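Secondary and tertiary structure notes
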Amino acid sequence: MIIANDCVVAFHYTLTDDNGTVIDSSKGQDPLTYLHGHGGIIPGLENELTGKTIGDAMKVVVQPADGYGELNPELIQPVPRAAFQGVDQIEVGMQFQAQGAGGQMQTVVVKEVDDENVTVDANHPLAGQVLNFDVSIEAVRAASEEELSHGHVHGVGGHQH
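Basis of the calculations
Residues take numbers from 1 onward in each chain, read along the sequence in its written order. At least 70 in pLDDT is required for a residue's local features to be given in this predicted model, at least 80 for side-chain atom pairs to be given and counted, and no such filter applies to totals for whole chains, interfaces and linings, which use all residues. For the side-chain quantities, the full set of heavy atoms in the structure was used; hydrogens and water were omitted. Working definition of a nonpolar core: buried Ala, Val, Leu, Ile, Met, Phe, Trp, Tyr and Cys residues. They are joined through side-chain atoms within 4.5 Å. Think of it in three bands: residues with accessible area under 20% of the maximum for their type are buried, residues over 50% are exposed, and the middle band is partly exposed, with areas taken using a 1.4 Å probe on protein chains only. Every helix listed is a DSSP run of H or I at least four residues long, and every strand listed is a run of E at least two residues long, numbered separately from the N terminus. Only heavy atoms matter for contacts: two residues are in contact if any of them lie within 4.5 Å across the pair. UniProt positions are given in the numbering used here, feature names are shortened, and annotations may be inferred rather than shown by experiment. Stacked, tilted and edge-to-face pairs are distinguished by plane angle, under 30 degrees for stacked and over 60 for edge-to-face with tilted covering the rest, among Phe, Tyr and Trp rings (Trp via its six-membered ring) whose centres lie within 6.5 Å. Here the rule is simple: two strands pair whenever DSSP picks up at least two bridges between them. Each axis is a line fitted through C-alpha atoms, and for a helix only the stretch in contact is used; angles between axes span 0 to 180 degrees, taken between their N-to-C directions.

This part covers the nonpolar core. The biggest cluster of nonpolar side chains holds 21 residues, and the ones touching the most others in it are Phe 11, Leu 45, Leu 49, Phe 133, Val 135 and Ile 137. Broken down by secondary-structure element, the contributors of at least two residues to this core are strand E1 (7–16), strand E3 (32–35), helix H1 (43–49), strand E4 (57–62) and strand E9 (131–142). Not counting chain neighbours up to four residues away, the residues in contact with Phe 133 comprise Tyr 13, Thr 14, Leu 15, Ile 42, Leu 45, Met 58, Lys 59, Val 60 and Val 62. Core analysis: the next-biggest nonpolar cluster, separate from the first, contains eight residues, Ile 90, Phe 96, Val 110 and Ala 122 among them.

Here the focus is the environment of Asn 19. Within the element layout of this structure, Asn 19 appears in the loop between E1 and strand E2 (22–25). Since its relative accessible area comes to 71%, Asn 19 is described here as exposed. Once the C-alpha coordinates of Asn 19 and Gly 39 are considered, the two residues, 20 residues apart in sequence, prove to be 28 Å apart.

Okay, the UniProt feature "domain: PPIase FKBP-type" (unreviewed entry) in the protein chain next. Under the UniProt annotation, "domain: PPIase FKBP-type" (unreviewed entry) lies at residues 6–83. Taken end to end, residues 6–83 comprises 9% helix and 37% strand; its first and last C-alpha atoms sit 44 Å apart.

Further remarks concern unusual backbone geometry. Positive phi values are uncommon outside glycine, yet Asp 6 reaches one of about 70°. Locating Asp 6 in the fold gives a position in the segment before E1.

As a further point, take the packing of aromatic side chains. This structure, assessed with the given rule, holds four aromatic pairs. A centroid spacing of 5.9 Å and a plane angle of 55° characterise the contact between Phe 11 and Tyr 13, whose relative ring orientation is tilted. Here the aromatic rings of Phe 84 and Phe 96 are separated by 5.0 Å at their centres, their planes lie at 65°, and the arrangement is edge-to-face. You can see Phe 84 sitting in the loop between strand E5 (76–80) and strand E6 (95–99) and its partner Phe 96 sitting in strand E6, a full 12 residues away along the chain. One exposure class covers both Phe 84 and Phe 96, and it is buried. A network of ring pairs unites the aromatic residues Phe 11, Tyr 13, Tyr 34 and Phe 133 as a single cluster.

To continue, consider the sheet that holds strand E8 (residues 117–121). With respect to topology, four strands assemble into an open sheet ordered E5-E8-E7-E6, the strand pairing being antiparallel. If you trace the sheet from one side to the other, it starts and ends with E5 and E6, each paired once. Going from strand to strand, the sheet's axes swing by 45° on average, the running direction of each strand aside. Bridge count between E5 and E8: five bridges; the pairing is antiparallel. When the sheet's bridge partners are listed, Gln 77 is paired in E8 with Val 120.

Below, the structure written as structure tokens:
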């Protein structure tokens, strides 16, 4: 069976940056399982997996526009220190959950701290980066009606949102 829309695909991957540093990997774990054509993985990777089958292995380079987007400078902004009530020690690199403009929860990373403000970055940690995937296809099957109606995979190793 070849990978097409409405297939459930399981694959192993190693993700590296342009310096060869490993960012993420499924080695030693269950493969990543997703429903093809339903936005479960970044578009640049999903597009390259279309038409592949079990046993195929490939390297995929994903540009920022097809990955986690370009770095958006508007998402880096100072927040009054008073907004961090109950947090005694605020350090660069710390992560906080914050409510975005549309009401959705988002993770922000502290970039800078001074006496009055905390500068936070709401960009995805991989925004603006070229992503290098080393992928091997482990399984391909037709999705069940329930999986298609829910838009994601059910069952073992299937709760990837």
